[in-house]
Amino acid sequence: MENQKIVEEIMRLKEDRNAIILAHNYQRDEVQEIADFTGDSLELSREAAKMECDLIVFCGVNFMAESASILSPEKTVLLPELEANCPMADMIRVEGERKVWKSFPGYREQPAFVFPHDFTLRDMKESYPDAPVVTYVNTTADVKAESDICCTSSNVVKVVESLPVDQVICIPDRNLSAWAAKMTGKKIISWDGFCHVHDRVTAEDVEKARKEHPDALLMAHPECRLEVLDLADHVTSTSGMLRYARSSDHKEFIVGTEVGLLYRLRKENPEKTFHPLRSDMICPNMKKTRLTSVLTALREMKHQVKVPEDIRVRAVKALDRMLEIV
Ligand code: 13P
Ligand code: SF4
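Nothing here was measured: the structure is a model prediction, and the numbers come from that model. Along each chain, the written sequence defines residue order, and numbers are assigned to residues from 1. Each chain gets a letter, beginning with A, and each ligand a number, beginning with 1, in the order they are written. Local features in a predicted model are, by the rule used here, given only for residues with pLDDT of at least 70; side-chain atom pairs are given and counted only at 80 or more, and totals for whole chains, interfaces and linings are based on all residues. Hydrogens and water molecules were not included; the side-chain quantities draw on all heavy atoms of the structure.

I'm lost on the overall build of the chain in this one. Help?
Helix and strand counts for the chain stand at 14 helices and 13 strands. Relative to a compact globule of 326 residues, whose C-alpha radius of gyration would be 20 Å, the chain shows 19 Å and is just as compact. For the chain, the spread of C-alpha atoms along the principal axes amounts to about 55 × 55 × 35 Å. The contact rule is simple, with two residues in contact once any of their heavy atoms fall within 4.5 Å. The long-range share in the chain, meaning contacts at least 24 apart out of those at least 6 apart in sequence, stands at 64%. The Shrake-Rupley method, run with a 1.4 Å probe sphere, supplies the accessible areas, and residue values consider only the shown protein chains as cover. By element, 48% of the accessible surface of the chain is carried by carbon and sulfur atoms, the whole surface being about 13,700 Å². In this text, helices come from DSSP runs of H or I with a minimum length of four residues, and strands from runs of E with a minimum of two, each type numbered from the N-terminal end. Restricting the calculation to C-alpha atoms gives the radius of gyration, and the globule rule supplies 2.2 Å times the number of residues raised to the power 0.38.

Where do I start with the state of the cysteines in this structure?
Covalent bonding between the sulfur atoms of two cysteines defines a disulfide. In this description, a disulfide is simply a cysteine sulfur pair whose atoms lie within 2.5 Å. Counted under the stated rule, the structure contains 0 disulfides. Cys151 takes part in no disulfide bond, and the closest cysteine sulfur to it belongs to Cys170, at a distance of 5.2 Å. The thiol of Cys224 is unpaired, and the distance to the nearest cysteine sulfur, on Cys195, comes to 8.3 Å. The buried label applies to any residue whose accessible area, calculated with a 1.4 Å probe on protein chains only, is under 20% of its type's maximum; exposed applies above 50%, and partly exposed to all values in between. Taking relative accessible area as the criterion, Cys224 reaches 0% and is therefore assigned buried.

Help me understand the sheet that holds strand E3 (residues 55-59) in this model?
Strands in a sheet are paired, the pairing made by backbone hydrogen bonds, and the direction either parallel or antiparallel. The criterion for strand pairing is that DSSP finds at least two bridges linking the strands in question. Taken in spatial order, the 4 strands line up as E2-E1-E3-E4 in an open sheet, and their pairing is parallel. Looking at which strands have only one partner, the edges of the open sheet turn out to be strand E2 (37-39) and strand E4 (76-78). Each strand axis lies, on average, 20 degrees off the axis of its neighbour in the sheet, ignoring direction. Where strand E1 (residues 19-24) and E3 come together, 5 bridges link them in parallel fashion. By the bridge assignment, Ile20 is partnered in E3 with Ile56. Axis lines are fitted to C-alpha atoms, over the contacting stretch for helices. Their N-to-C directions set the angle, which ranges from 0 to 180 degrees.

I would appreciate a short explanation of the site of ligand 1 in the present structure.
His24, Tyr26, Asp40, Ser41, Asn138, Ser153, His198, His221, Glu223, Ser237 and Thr238 make up every residue found near ligand 1. Two N or O atoms form a polar contact when they lie within 3.5 Å of each other; inside protein one atom must be a possible hydrogen donor and the other a possible acceptor, and for residues adjacent in sequence the pair counts only when both atoms belong to side chains. At a separation of 3.3 Å, an oxygen atom of ligand 1 approaches a polar side-chain atom of Asn138. Here an oxygen atom of ligand 1 and a side-chain polar atom of Thr238 are 2.6 Å apart. Surface burial for ligand 1 is 96%, taken as the share of its 300 Å² of free accessible area covered by protein chains. Throughout, near means a residue has at least one heavy atom within 4 Å of the molecule or strand.

So what exactly am I meant to see when it comes to the packing of aromatic side chains here?
What characterises a pair of aromatic rings is the spacing of the ring centres plus the angle enclosed by the ring planes. Centres within 6.5 Å are what make two rings of Phe, Tyr or Trp a pair, Trp counting through its six-membered ring; a difference in plane orientation under 30 degrees is then read as stacked, over 60 as edge-to-face, and the rest as tilted. Across all of its chains, the model carries 2 aromatic pairs by this definition. On the basis of an interplanar angle of 75 degrees and a centroid distance of 6.4 Å, the ring pair of Tyr244 and Phe253 is categorised as edge-to-face. For the pair formed by Tyr244 and Phe253, the shared burial category is buried. When the ring of Phe253 is compared with that of Phe274, the centres are 5.4 Å apart and the planes differ by 15 degrees; the resulting orientation is stacked.

Looking at this structure, how should I read the sheet that holds strand E5 (residues 114-115)?
Taken in spatial order, the 5 strands line up as E5-E9-E8-E6-E7 in an open sheet, and their pairing is parallel. Since the sheet does not close on itself, it has two edges, and those belong to E5 and strand E7 (149-151), each with one partner. Strand direction decides the pairing type here: E5 and strand E9 (residues 187-191), joined by 2 bridges, are parallel. Looking at the pairing, Phe115 lines up with Trp191 of E9.

Please explain the site of ligand 2 as it appears in this structure.
Within the structure, ligand 2 sits among Tyr26, Val61, Cys86, Pro87, Met88, Asn138, Cys195, His196, Glu223, Cys283 and Met286. We call Asp, Glu, Lys and Arg charged. Ala, Val, Leu, Ile, Met, Phe, Trp, Tyr, Cys and Pro are nonpolar, and the rest, Gly among them, are polar. When the residues that make up the shell around ligand 2 are grouped by side-chain class, the tally is 8 nonpolar, 2 polar and 1 charged.

Honestly, the pattern of salt bridges in this entry has me stumped. Any pointers?
When the charged atoms of two side chains lie near each other, side chains of opposite charge can form a pair. Each salt bridge in this description consists of a side-chain nitrogen of Lys or Arg and a carboxyl oxygen of Asp or Glu lying within 4 Å of one another. Under the definition given, this model contains 25 salt bridges. The shortest N-O distance in the salt bridge between Lys125 and Glu146 comes to 3.1 Å. Of the two residues, Lys125 sits in helix H5 (residues 121-127) while Glu146 sits in the loop between helix H6 (141-145) and E7, which places them 21 residues apart along the sequence. As a salt-bridge pair, Arg174 and Asp192 come within 2.9 Å of each other at their nearest N and O atoms. Within this pair, whereas Arg174 is found in helix H8 (residues 174-184), its partner Asp192 is found in the loop between E9 and helix H9 (203-212), the two being separated by 18 residues in sequence.

I keep staring at the pairing of E1 and nothing clicks. Help me out?
Consecutive side chains along a regular strand alternate between the two faces of the sheet. Most of E1 is tucked away: 6 of the 6 residues are buried. Sheet analysis places E1 next to E2, joined by 3 bridges and oriented parallel. Bridge pairing links Leu22 to Phe37 in E2.

Right, here's the structure in full:
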């Protein structure tokens, strides 16, 4: 079926089922085009919580659809591609089986404050019983359920600052934690997780991009290494980059995040120029969802994402607490 026909069929089914389509900023261009709302993790959580509909088709990765279901248990949430997962979200475990990530591309040894990957969240809590747990939304529901508060890339600094203590556990991303430690001055007890898309970028890549585009400002996502963030003009979430590029008088930008964001940046700012920091910053999981996946999801009502109620009621507290303060 040609794209136009697929889009028409998606729109018809969407209306029949009283559905809305949410898409993350990294989705394929054509998927972003058919979405009712496109945004970063925080915006998508907010939209999922307030949207009036029976069905949410979530074009993103599994932890995002899971959060939508946690926040809106009365709605049916579909993840069109079952295999669209986030490797970072799948790294940390609450307890039990310990996965060894040393063989994962991009793995490197970390400074002392980072708990190695073979420790579980329970191990961390036992070691630091008085430290509240701040959990990045890029985690599974059972990890959120064991946490005090969630955060996203756009609000991690505010979330950590909101806690009346000097020491917090922040999981699972070591780079986001290092950024939070730098910005808040608090002691952050981190875990050894990372995003393989952002963690591959180095200070040398920044140097090279700056040489190629000497007039451009560098925006970087806090999942990048601190050595990269230290060289950036602005560190923020994907939607934070959209706001920064829109409001800046500058005409040229280097974009330090997944290349899918370039679609919206260019569309919303046709008079400005955007260069990827590295052209291989591609998240394969975010690219799994195609127009045909959305069509099949709506036709066959799959794949339904549901969190067991005993986990959901605990996980929603951590998400709600975040949504209350930012
Ligand atoms: P944002 O919340 O900035 O959109 O990031 C989500 C993500 O998965 C980054 O890799
Ligand atoms: Fe996960 Fe990284 Fe992909 Fe974001 S870009 S979904 S953190 S693997």
